[in-house]
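So the chains spell out like this:
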Amino acid sequence: MANYKDYMLFDKLPHTWCGGCGHGIILQAIASALAQQELDKHEIALVSGIGCFGRVDDYLNINCMHVTHGRALAAATGVALANPNLHVLVTMGDGDGSTIGGNHLIHCARRNINLTAIIANNYNYGQTGGQYSATTPRGSITATSVYGHVEPGFDICKLVEAAGAPFVARSTAYNPMQIRSLIKQGMQTKGFALIEIMDTCPTHYGRLNKMGNSAQMLEAVNDMTVPVEKAASMTPKELEGKFLTGVLVNKPREDYYTRYQQIIDRLVKQA
Ligand code: SF4
């Protein structure tokens, strides 16, 4: 039986993340998800964007590609189409994946590219000093919204659902076992899968918004969420300000590569 340690590069530790950052929890959950599926490392390709969370590829002993800011999904689209037998994972933060790379996110979902996108959402650009991103909630304090953020934040899961993603799920850094399970389900989906993980940045967002220490911040993130099964029996008033967790969308449909291959097969037959 494979162990998560088989997919890690322990000689690269200690990691460069701040003490109390949630990213390490997600890193271990990714390695565990690979181990539980007993995947051959040569069948996995991970594409990572720029940002604190993008550094997960430094610690994984699999094929990784670290690309330019906001373009991880564009690069991963090329990888997935060039070799449809690969399990393609894409790791991004909310700044990289939904702000600078927001356009790629909606088009990957619309095209149904066969890959698993993992977005760690900590509501800010941590690596560059805590500036607001497209998910930063209205009214919250960041390095670029010192009097309270003016804009409302994106709901990443609703965004990709509306764009046609066949598998959409959400968890929190508070719940690594659920993260692991959702990543596995996403990887077993043929088509675009999005796993959003509500994460913590105690150094910037947590400090500026007085969310306490990193443990208290994790608890606060957990308190914002409701399991999707429980939400079914709650009123809209009770659900105000809450994020649903679990599998939010599971509607398989033909992926881009399959449809493209059908056209090629048809043209070859006609030739
Ligand atoms: Fe984590 Fe924030 Fe530190 Fe980046 S700046 S490593 S997101 S705590």
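The coordinates are above.
Figured I'd write up the structure that's included with this text. As a convention, each chain's residues are numbered from 1 in the sequence order in which they are written. The model is predicted, so local features are restricted to residues of pLDDT at least 70 and side-chain atom pairs to those at 80 or more, both for listing and for counting; the totals for chains, interfaces and linings are taken over all residues. By convention in this description, side-chain values take in all heavy atoms of the structure and omit both hydrogens and water.

**Quick notes on the overall build of the chain**
Within the chain one finds 11 helices and 10 strands. All radius of gyration figures rest on C-alpha atoms, and the globule criterion is 2.2 Å times the number of residues raised to 0.38. Taken against the 2.2 N^0.38 rule, which gives 18 Å for 271 residues, the C-alpha radius of gyration of the chain at 18 Å falls within 12% of a compact globule. Along the first, second and third principal axes, the C-alpha set of the chain runs to 65 × 45 × 35 Å. Here the term buried applies to any residue with accessible area under 20% of the maximum for its type, exposed to any over 50%, and partly exposed to those in between, with areas from a 1.4 Å probe on protein chains only. For the chain, with 271 residues in total, the buried portion stands at 46%. Any pair of residues with heavy atoms lying within 4.5 Å of one another is described as a contacting pair. Residue pairs in contact within the chain that sit at least 24 positions apart in sequence constitute 68% of those at least 6 positions apart. Here the Shrake-Rupley method, with its probe set to 1.4 Å, supplies the accessible areas, and only the displayed protein chains count as covering residues. Looking at the chain as shown, the accessible area adds up to about 12,600 Å², and 55% of this sits on carbon and sulfur atoms. Between the averaged position of the 23 positive side-chain charges in the chain and that of its 22 negative side-chain charges there is a distance of 4 Å. Secondary structure elements follow DSSP: runs of H or I of four or more residues count as helices, runs of E of two or more count as strands, with numbering from the N terminus. When charges are counted, Lys and Arg contribute as positive and Asp and Glu as negative, whereas His and the chain ends are disregarded. The atoms used to mark charge sites are NZ of Lys, CZ of Arg, CG of Asp and CD of Glu.

**Here we look at the pattern of salt bridges**
The working definition used for a salt bridge is a side-chain nitrogen of Lys or Arg within 4 Å of a carboxyl oxygen of Asp or Glu. In the structure shown here, the tally under the stated rule is 4 salt bridges. Between Arg170 and Asp155 there is a salt bridge whose closest N-O contact spans 2.9 Å. Of this pair, Arg170 sits in strand β7 (residues 167–172) while Asp155 sits in the loop between β6 (131–132) and α5 (156–162), placing them 15 residues apart in sequence. For Arg170, a relative accessible area of 2% puts it in the buried group. In this structure Asp155 comes out as partly exposed when scored by relative accessible area, which is 22%. Salt-bridge contacts for Glu196 lead to Arg170; the nearest nitrogen and oxygen are separated by 2.9 Å.

**Things to note about the packing of aromatic side chains**
By convention, a stacked pair of Phe, Tyr or Trp rings (six-membered ring in the case of Trp) has centres within 6.5 Å and planes under 30 degrees apart, an edge-to-face pair has planes over 60 apart, and any other such pair is tilted. The tally for this structure, following the rule as stated, stands at 4 aromatic pairs. Lysine and arginine charges are scored as sitting over a ring when NZ or CZ, respectively, is within 6 Å of the ring centre and within 35 degrees of the ring normal. The residue whose ring lies beneath Lys41 is Tyr7, and the NZ or CZ to ring-centre distance is 5.8 Å.

**Considerations on the packing of helix α1 (residues 23–36) against helix α6 (residues 176–187)**
For any two helices packed against each other, the geometry comes down to the angle between their axes and how far apart the axes lie. Lines are fitted to the C-alpha atoms to define the axes, a helix being fitted only along its stretch in contact, and any angle between axes, read from their N-to-C directions, falls within 0 to 180 degrees. At a minimum axis separation of 8 Å, α1 and α6 run at an interaxial angle of 50°. Viewed along their axes, α1 and α6 adopt a mutual orientation that is oblique. Judged by the twist between their axes, the crossing of α1 over α6 is right-handed. Contacts from Ile25, Ile26, Ala29, Ile30, Ser32, Ala33, Leu34 and Gln36 in α1 reach Pro176, Ile179, Arg180, Ile183, Lys184 and Met187 in α6. Looking at the contact of α1 with α6, its residues break down into 10 nonpolar, 2 polar and 2 charged. The labels follow the angle: roughly parallel below 35 degrees, roughly antiparallel above 145, roughly perpendicular from 65 to 115, and oblique for the rest. By definition, turning the near helix anticlockwise from the far helix through less than a right angle yields a left-handed crossing, and turning it clockwise yields a right-handed one. When residues are grouped by polarity, Ala, Val, Leu, Ile, Met, Phe, Trp, Tyr, Cys and Pro land in nonpolar, Asp, Glu, Lys and Arg in charged, and all others, Gly among them, in polar.

**Observations concerning the site of the ligand**
Put simply, a residue is near a molecule or strand once any heavy atom of it comes within 4 Å of that molecule or strand. Contacts to the ligand come from Trp17, Cys18, Cys21, His23, Cys52, Asn122, Gly126, Cys201, Pro202, Thr203 and His204. When residues in the shell around the ligand are grouped by element, the largest group, 3 residues, is from helix α7 (residues 202–208). Its residues assigned to classes, the shell around the ligand comprises 6 nonpolar, 5 polar and no charged.

**Examining the nonpolar core**
Judged by nonpolar contacts, the single largest core of 32 residues is most densely connected at Ile30, Leu34, Leu89 and Ile183. Among the secondary structure elements, those contributing two or more residues to this core are α1, β1 (44–48), β4 (116–121), β7, α6 and β8 (193–198). Excluding residues within four positions of it along the chain, Leu34 makes contact with Tyr7, Leu39, Ile44, Ile62, Leu89 and Met187. Core analysis: the next-biggest nonpolar cluster, separate from the first, contains 26 residues, Ala45, Leu73, Leu105 and Ala117 among them. In this text, buried Ala, Val, Leu, Ile, Met, Phe, Trp, Tyr and Cys residues form a nonpolar core when linked through side-chain atoms within 4.5 Å.

**Some thoughts on the packing of helix α2 (residues 72–82) against helix α4 (residues 102–111)**
As a packed pair, α2 and α4 sit with axes 8 Å apart at the nearest point and diverge in direction by 35°. Only His104, Leu105 and Cys108 of α4 make contact with α2, whose side of the interface consists of Leu73, Ala74 and Thr77.

Distances and angles like these do not, on their own, reveal function.
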